[in-house]
Amino acid sequence: MEALSNTTITPKMSKEAHLVRDALIAAGLETPLLPSTLTTDQKYERLKSLFTDVVSTLGLDLSDDSLNETPHRIAKMYIREIFSGLDYGNFPKISVIDNKMSVDEMVTVAGISVTSTCEHHFVTIDGTAKVAYIPKGKVIGLSKINRIVRFFAQRPQVQERLTQQVLLALQTLLGTQDVAVSINATHYCVKSRGIMDSGSATSTTALGGSFKENPQTRNEFLNQG
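Conventions adopted
Residues numbered from 1 in each chain as written. Predicted model: local features only at pLDDT ≥ 70, side-chain atom pairs only at ≥ 80, totals over all residues. Heavy atoms only, no water. Helix = DSSP H or I, 4+ residues; strand = E, 2+ residues; numbered from the N terminus. Buried < 20%, exposed > 50% of the residue type's maximum accessible area, 1.4 Å probe, protein only. Expected span 1.5 Å × (residues − 1). Contact = heavy atoms within 4.5 Å. Salt bridge = Lys/Arg side-chain N within 4 Å of Asp/Glu carboxyl O.

(A) The arrangement of the environment of Lys100 in detail. Residue placement: Lys100 occurs in the loop between β1 (96-98) and β2 (107-118). Residue classification places Lys100 among the exposed positions, given a relative accessible area of 76%. Linking Lys100 and Asp65, residues 35 residues apart in sequence, is a C-alpha distance of 59 Å.

(B) Representation of helix α4 (residues 142-153). For α4, with 12 residues, the first-to-last C-alpha span of 17 Å sits near the 16 Å given by 1.5 Å per residue. Taken together, the buried positions of α4 are occupied by Lys144, Ile145, Ile148, Val149, Phe151, Phe152 and Ala153.

(C) Representation of the environment of Ile125 in the model. By the secondary structure assignment, Ile125 is in strand β3 (residues 124-133). Overall, Ile125 belongs to the buried group, its relative accessible area being 3%. Separated by 23 residues in sequence, Ile125 and Ser102 have C-alpha atoms that sit 38 Å apart. Filtering out sequence-adjacent residues up to four positions away, Ile125 remains in contact with Val114, Thr115, Ser116, Thr117, Cys118, Gln157, Gln159, Ala185, Thr186 and His187.

(D) Inspection of unusual backbone geometry at higher detail. The backbone of Ser102 shows a phi angle near 55°, a positive value even though the residue is not glycine. In this fold, Ser102 is placed in the loop between β1 and β2. Judged by relative accessible area, Ser102 falls into the exposed class, the value being 55%. Within the chain, Met196 stands out as a residue other than glycine whose phi angle is a positive 50°. Here Met196 is to be found in the loop between α6 (188-191) and β7 (202-207).

(E) Examining the pattern of salt bridges more closely. Taken as a whole, this structure holds 5 salt bridges when the rule is applied. The partner of Lys138 in a salt bridge is Asp98, and the shortest N-O contact between them spans 2.5 Å. Of the two residues, Lys138 is situated in strand β4 (residues 138-140) and Asp98 in strand β1; the sequence distance between them amounts to 40 residues. On the basis of relative accessible area, Lys138 is assigned to the partly exposed category, the value being 32%. Accessibility expressed as a relative area gives 44% for Asp98, which makes it partly exposed. Residue Arg161 pairs with Glu119 through a salt bridge whose shortest N-O separation is 2.8 Å.

The quantities given are spatial measurements derived from coordinates; they are silent on function.
Below, the structure is given as structure tokens:
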């Protein structure tokens, strides 16, 4: 069984992570969280034990070689992967640089993969995001936008909050209100349970600054591929 010894030390929060978290809390957009003193390894051991109970309660035989590692795999997946965005020590390293070229036109990154988890049923949300901003004094590396989307997607989510979190994070880091975010996604809580509608998708949009105030700027963003 693979150990989690290399995850014992939680990375310190960066200055950028502090700024973003504080902005989200002030705006009432932070994911509902309780204080926790558990280390990463303690969380792993607790989750592994709890999922052992879940799997056994379902009547599955954990002595089977296909199942005996399942509680370990789920606990590791929750901490390292699909819920790693709950830990601001995992916030991406962000580099913003002076806008020396005086770029003042829209910068757009489209087709960003979004894989998240519905916080109501803990099943997959799968889709794409489009993010744009109009630079002021700072610009950001394009891959950092993808990483910010991924960070906030890697936690239990509702799509509306995810869209707003990405918007406010970029506004905070770039020092401008001129940011826009849209997400289009399939929710497996709709597709694989309940109504079982495999054809529907959910679209959300969050607009700031000129994207909200200027119809031409807003339409340019919304009509891009």
